[in-house]
Amino acid sequence: MAYKALYRKYRPRTFDEVVGQEHITKTLKHQVATGNVSHAYLFTGSRGTGKTSTAKIFANAVNCPNNVNGEPCFDCEVCNAHEQAGNVDILEIDAASNNRVDEVRDIREKVKFLPVNGKYKVYIIDEVHMLTDQAFNALLKTLEEPPKHVIFILATTEVHKLPATILSRCMRFDFRLVPVQTLMELVAKVFRQENIAYSDEALKLIALAGEGSCRDTLSIADCVSAFCQGNITLEGAQKVLGTSDTKQYIKIFDALNKKDIGTALELLQQSFNEGKNMNVFAKDLTLHARNLLVMKNCSSGEQLIPLSGEAHNLLKQQAQEISNDNLMEYMKIFSSIEAEMKYALSPKTLLETALVTAVSEVGEGQKKN
């Protein structure tokens, strides 16, 4: 049997399996259970937060005649049809490649036909912001007064690009970024089911790298698992992600604090020689400055920084040696180059320049608040 990527294998099939979006799934379940469904929905949020998965679950649940408290039963004819490819009652349309007015006019013609198996014909239009102005205008009238047997679900990562006339005709749900702790629990559950051994530190690193996206997190977990061959360690995860140990950033910030640009550049060169990703390195320097600020000013810093106990102790110690003003300046310098790094011919040179700037322009390192 062909290997199936983790994010596909563990894609949610019920509302309860959707991770980190309880404020949305609870509402949709209640609508399905009571039969009070809207004619048009707008799902917006960052990539990998569950928009399309939730749309598919809703499309199945709203058509299932035996739904249990709003969840599909998976035993009826409708659920069986949903599990198979080519379900004629649930139509997924990628607006990125079907964004012309002719394609939307085709939808307007087909909505007249009744569903084959279920009660509703559901149109899921993904990346709807990619539609042209003419296509939006063609969709508007149908969206305003669709047939009673039709539901539209529009999904987008860029809701600001949608016309106000479209927004006003949809019930809007905003999908949130998934917290790091929730992502850790998700990956741990998947690893246990896959019989993959892992360390807590590696789990935290994978969850942090996912940046609030379930799909990205599971894709990263897939890569790390393939590299580590069933026994995931912090060192293995760092090699795959191109990140460095917290101790490396501690050493660099010590050098910046002491105005020792030579040591800072040598440490950067060492990381470069080890194959570390310079784009990730710049982002992690910003994150390290942020972690120091949190540890310095928050009594519950350990809960706000998902790192190991040893890392917390190192951060506490260094946080007392650098002022808030200096840490803020470091954050500005390193965060300002993150966008440039993507297009720089030599990201390493850009990062070296930022380190020199951090030494020469930031106030005296030993000054304290």
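These figures come from a predicted structure and were not determined experimentally. (Residues numbered from 1 in each chain as written. Predicted model: local features only at pLDDT ≥ 70, side-chain atom pairs only at ≥ 80, totals over all residues. Heavy atoms only, no water.)

**Student:** Tell me about the overall build of the chain, and name the residues and values.
**Tutor:** The secondary structure content of the chain amounts to 19 helices and seven strands. Counting only C-alpha atoms, the chain reaches 75 × 45 × 40 Å along its principal axes. The proportion of buried residues among the 369 residues of the chain is 48%. Long-range contacts, defined as pairs at least 24 residues apart, comprise 75% of the intrachain contacts of the chain with a sequence gap of at least 6. Here the chain has roughly 18500 Å² of accessible surface; of this, 50% comes from carbon and sulfur atoms. Once the 42 positive and 45 negative side-chain charges of the chain are each reduced to a mean point, those two points are 3 Å apart. (Helix = DSSP H or I, 4+ residues; strand = E, 2+ residues; numbered from the N terminus. Buried < 20%, exposed > 50% of the residue type's maximum accessible area, 1.4 Å probe, protein only. Contact = heavy atoms within 4.5 Å. Areas by Shrake-Rupley, 256 points an atom, 1.4 Å probe, with all protein chains shown as cover. Lys, Arg positive; Asp, Glu negative; His and termini not counted. Charge placed at Lys NZ, Arg CZ, Asp CG, Glu CD.)

**Student:** Account for the packing of helix 14 (residues 278-297) against helix 19 (residues 347-361), with residues named and values stated.
**Tutor:** Packing of helix 14 against helix 19 brings their axes to within 9 Å, and their N-to-C directions diverge by 25°. Judged by the angle between their axes, helix 14 and helix 19 are roughly parallel. Crossing angle aside, the handedness with which helix 14 passes helix 19 is left-handed. Mapping the contact onto sequence places Met278, Asn279, Phe281, Ala282 and Leu285 in helix 14 and Pro347, Lys348 and Leu351 in helix 19. When its residues are assigned to classes, the contact of helix 14 with helix 19 shows six nonpolar, one polar and one charged. (Axes fitted to C-alpha atoms, helices over the stretch in contact; angles between N-to-C directions. Parallel < 35°, antiparallel > 145°, perpendicular 65-115°, else oblique. Left-handed = near helix turned anticlockwise from the far one by under 90°. Nonpolar A, V, L, I, M, F, W, Y, C, P; charged D, E, K, R; others polar.)

**Student:** Break down a negative patch on the surface for me, with residues and values.
**Tutor:** A surface patch of negative charge is lined by Asp200, Glu201, Glu235 and Asp245. Within the secondary structure, Asp245 is located in the loop between helix 11 (234-241) and helix 12 (246-257). Judged by relative accessible area, which is 31%, Asp245 ranks as partly exposed. (Patch = residues over 30% accessible without salt bridge, like charges linked within 9 Å, V, L, I, M, F, W, Y side chains within 5 Å. Salt bridge = Lys/Arg side-chain N within 4 Å of Asp/Glu carboxyl O.)

**Student:** Requested: an account of the environment of Arg176, with residues and values cited.
**Tutor:** Along the chain, Arg176 turns up in the loop between strand 5 (171-175) and helix 8 (180-193). For Arg176, a relative accessible area of 51% gives the class exposed. Apart from residues lying up to four places away in sequence, Arg176 is in contact with Gln21, His23 and Thr49.

**Student:** Residue-level account of the nonpolar core, with values.
**Tutor:** Phe253, Leu256, Tyr330, Phe334 and Leu351 are the most contacted members of the largest nonpolar core, which has 35 residues in total. Of all elements in the fold, only helix 12, helix 13 (261-273), helix 14, helix 16 (309-319), helix 17 (324-336) and helix 19 reach the threshold of two or more residues within this core. Looking at this core element by element, the count peaks at nine residues for helix 14. If we skip the residues at most four places from it in the chain, Tyr330 touches Phe253, Leu256, Asn257, Ala289, Ile322, Ala358 and Val362. (Core = buried A, V, L, I, M, F, W, Y, C linked by side-chain atoms within 4.5 Å.)

**Student:** Got a sec to walk through the pairing of strand 4 (residues 150-156)? Specific residues and values, please.
**Tutor:** With seven of its seven residues buried, strand 4 lies for the most part within the structure. With burial as the criterion, each face of strand 4 is covered, one bearing Val150, Phe152, Leu154 and Thr156 and the other bearing Ile151, Ile153 and Ala155. Taken together, the five bridges between strand 1 (residues 40-45) and strand 4 define a ladder with parallel strand orientation. Paired with Leu42 across the strands is Leu154, a residue of strand 4. (Pairing = 2+ DSSP bridges.)

**Student:** Give me the lowdown on the sheet that holds strand 5, citing residues and values where you can.
**Tutor:** In space, the five strands of this open sheet follow the order 2-3-4-1-5, with parallel pairing throughout. Each of the sheet's edge strands pairs with one partner strand only, and the pair in question is strand 2 (90-94) and strand 5. Pairwise comparison of adjacent strand axes, ignoring direction, gives a mean angle of 15° for this sheet. Pairing analysis gives five bridges linking strand 3 (residues 121-126) to strand 4, with the strands arranged parallel. Of the residues in strand 4, the one forming a bridge with Tyr123 is Phe152. Sheet strands in contact with helix 2 (residues 22-34) are strand 1 and strand 5, and its direction is about 145° off that of strand 5.

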